[in-house]
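Okay, here's what each chain looks like letter by letter:
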Amino acid sequence: MEKLSESEEIVMRCLWDSDSPAGLGEIIEMCRNKYGHDWKPQTVSTFISRLIKKGFAGHIGSTRSHRYYPLIDRDAYLNDQMSSIIDFWGKPSIRALASAFGRSKALNREDLQELRQMLDQLDE
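As a convention, each chain's residues are numbered from 1 in the sequence order in which they are written. The predicted origin of the model limits local features to residues at a pLDDT of at least 70 and limits the giving and counting of side-chain atom pairs to 80 or more, whereas totals for whole chains, interfaces and linings rest on all residues. For the side-chain quantities, the full set of heavy atoms in the structure was used; hydrogens and water were omitted.

A.B. asks: Explain helix H2 (residues 24–35) to me, and be specific about the residues and the numbers.
C.D. replies: Secondary structure elements follow DSSP: runs of H or I no shorter than four residues count as helices, runs of E no shorter than two count as strands, and numbering proceeds from the N terminus. Each residue after the first adds 1.5 Å to the expected span of a helix. Along its 12 residues, H2 runs 16 Å from first to last C-alpha, staying within 8% of the 16 Å computed at 1.5 Å per residue. When accessible area is computed with a 1.4 Å probe and restricted to protein chains, residues below 20% of their type maximum are described as buried, those above 50% as exposed, and intermediate ones as partly exposed. Among all positions of H2, only Ile27, Ile28, Met30 and Cys31 are buried. Looking straight down H2, one finds its buried side chains confined to an arc of 160 degrees; they lie on one side. In this context, the arc is that of the directions from the helix axis out to the C-beta atoms.

A.B. asks: Could you give me a rundown of helix H3 (residues 41–53), with the residues and numbers involved?
C.D. replies: The first and last C-alpha atoms of H3 sit 18 Å apart over 13 residues, in line with the 18 Å expected at 1.5 Å per residue. For H3, the complete set of buried residues consists of Val44, Phe47, Ile48 and Leu51. Buried positions in H3, seen along its axis, are confined to an arc of 100 degrees and lie on one side of it. Among the exposed residues of H3, those pointing more than 90 degrees away from its buried face are Gln42 and Lys53. A positive phi of about 85 degrees marks Gly55, the residue just after H3.

A.B. asks: How would you summarise the packing of helix H1 (residues 6–17) against H2 if you had to cite specific residues and measurements?
C.D. replies: The axes are straight lines fitted to the C-alpha atoms, using for helices just the contacting stretch, and the angles between their N-to-C directions are given from 0 to 180°. As a packed pair, H1 and H2 sit with axes 9 Å apart at the nearest point and diverge in direction by 105 degrees. With respect to each other, H1 and H2 are oriented roughly perpendicular. On H2, the residues touching Ile10, Val11, Arg13, Cys14, Leu15 and Asp17 of H1 are Ile27, Met30, Cys31, Lys34 and Tyr35. If an angle is under 35 degrees, it is roughly parallel; if it is over 145, roughly antiparallel; if it lies from 65 to 115, roughly perpendicular; otherwise it is oblique. Whether two residues are in contact is decided by their heavy atoms: any pair within 4.5 Å suffices.

A.B. asks: Hey, could you go over the pattern of salt bridges for me, with residue numbers and the actual values?
C.D. replies: Criterion for a salt bridge: a side-chain nitrogen of Lys or Arg within 4 Å of a carboxyl oxygen of Asp or Glu. Under the definition given, this model contains 8 salt bridges. Across the salt bridge formed by Glu8 and Lys54, the nearest N and O atoms sit 2.8 Å from each other. Here Glu8, found in helix H1, pairs with Lys54, found in the loop between H3 and strand E2 (57–60); they are 46 residues apart in sequence, far enough to count as distant. Exposure remark for Glu8: the relative accessible area of 1% places this residue in the buried category. Accessibility expressed as a relative area gives 27% for Lys54, which makes it partly exposed. Where Asp17 meets Lys34, a salt bridge forms, and the shortest distance between an N and an O atom there is 3.0 Å. Taken as a pair, Asp17 in helix H1 and Lys34 in helix H2 lie far apart in primary sequence, 17 residues in all. Judged by relative accessible area, which is 27%, Asp17 ranks as partly exposed. On the basis of relative accessible area, Lys34 is assigned to the partly exposed category, the value being 49%. In this structure, a network of salt bridges that share partners links the residues Glu2, Glu8, Arg50 and Lys54.

A.B. asks: Any chance you could break down a nonpolar patch on the surface for me, citing the residues and the numbers?
C.D. replies: On the surface, a nonpolar cluster with roughly 610 Å² of combined accessible area is contributed by Leu78, Met82, Ile85, Phe88 and Trp89. Tracing the backbone shows Leu78 in helix H4 (residues 74–89). The patches reported here contain residues having more than 30% relative accessible area and no salt bridge. Joining distances are 9 Å for like charges and 5 Å for nonpolar side chains (Val, Leu, Ile, Met, Phe, Trp, Tyr). Computed by Shrake-Rupley with a 1.4 Å probe, the accessible areas treat only the displayed protein chains as cover when residues are assessed.

A.B. asks: Pulling in residues and values, what's your account of the sheet that holds E2?
C.D. replies: Each pair of strands is called paired provided DSSP finds at least two bridges between the two strands. Pairing within the open sheet is antiparallel, and its 3 strands lie in the order E1-E3-E2. Looking at strand neighbours, the two that pair on one side only are strand E1 (22–23) and E2, the edges of this open sheet. Two strands pair when backbone bridges link them, and E2 and strand E3 (residues 67–70) are joined in this way by 4 bridges, in the antiparallel orientation. Paired with Ala57 across the two strands is Pro70, which belongs to E3.

Written out as structure tokens, the structure reads:
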């Protein structure tokens, strides 16, 4: 699976977060409100065009009312990217991996509990 640019990933996150196919205006608004990017319509259109060419997004509707949706599952992309990181950097030590998760400000107590449960299931 191809690696996306950071900007393309943000647009994909908007598509993944949307409950149904989203129009350009909705995507622009999500990029601004959720991710702090005040991109112009042409900029977002360019990112969407790239995502369609790469096979990550699809569209429905006529020229003026295109609605966009993800073709690639979020978890599939995440798993592929994690595998790529491990392939590139080498298999990290469990201690280093656990330490990185523990220091991450992106993970809250519930996330860490879920991670513990997942590890316990792997151990069974």
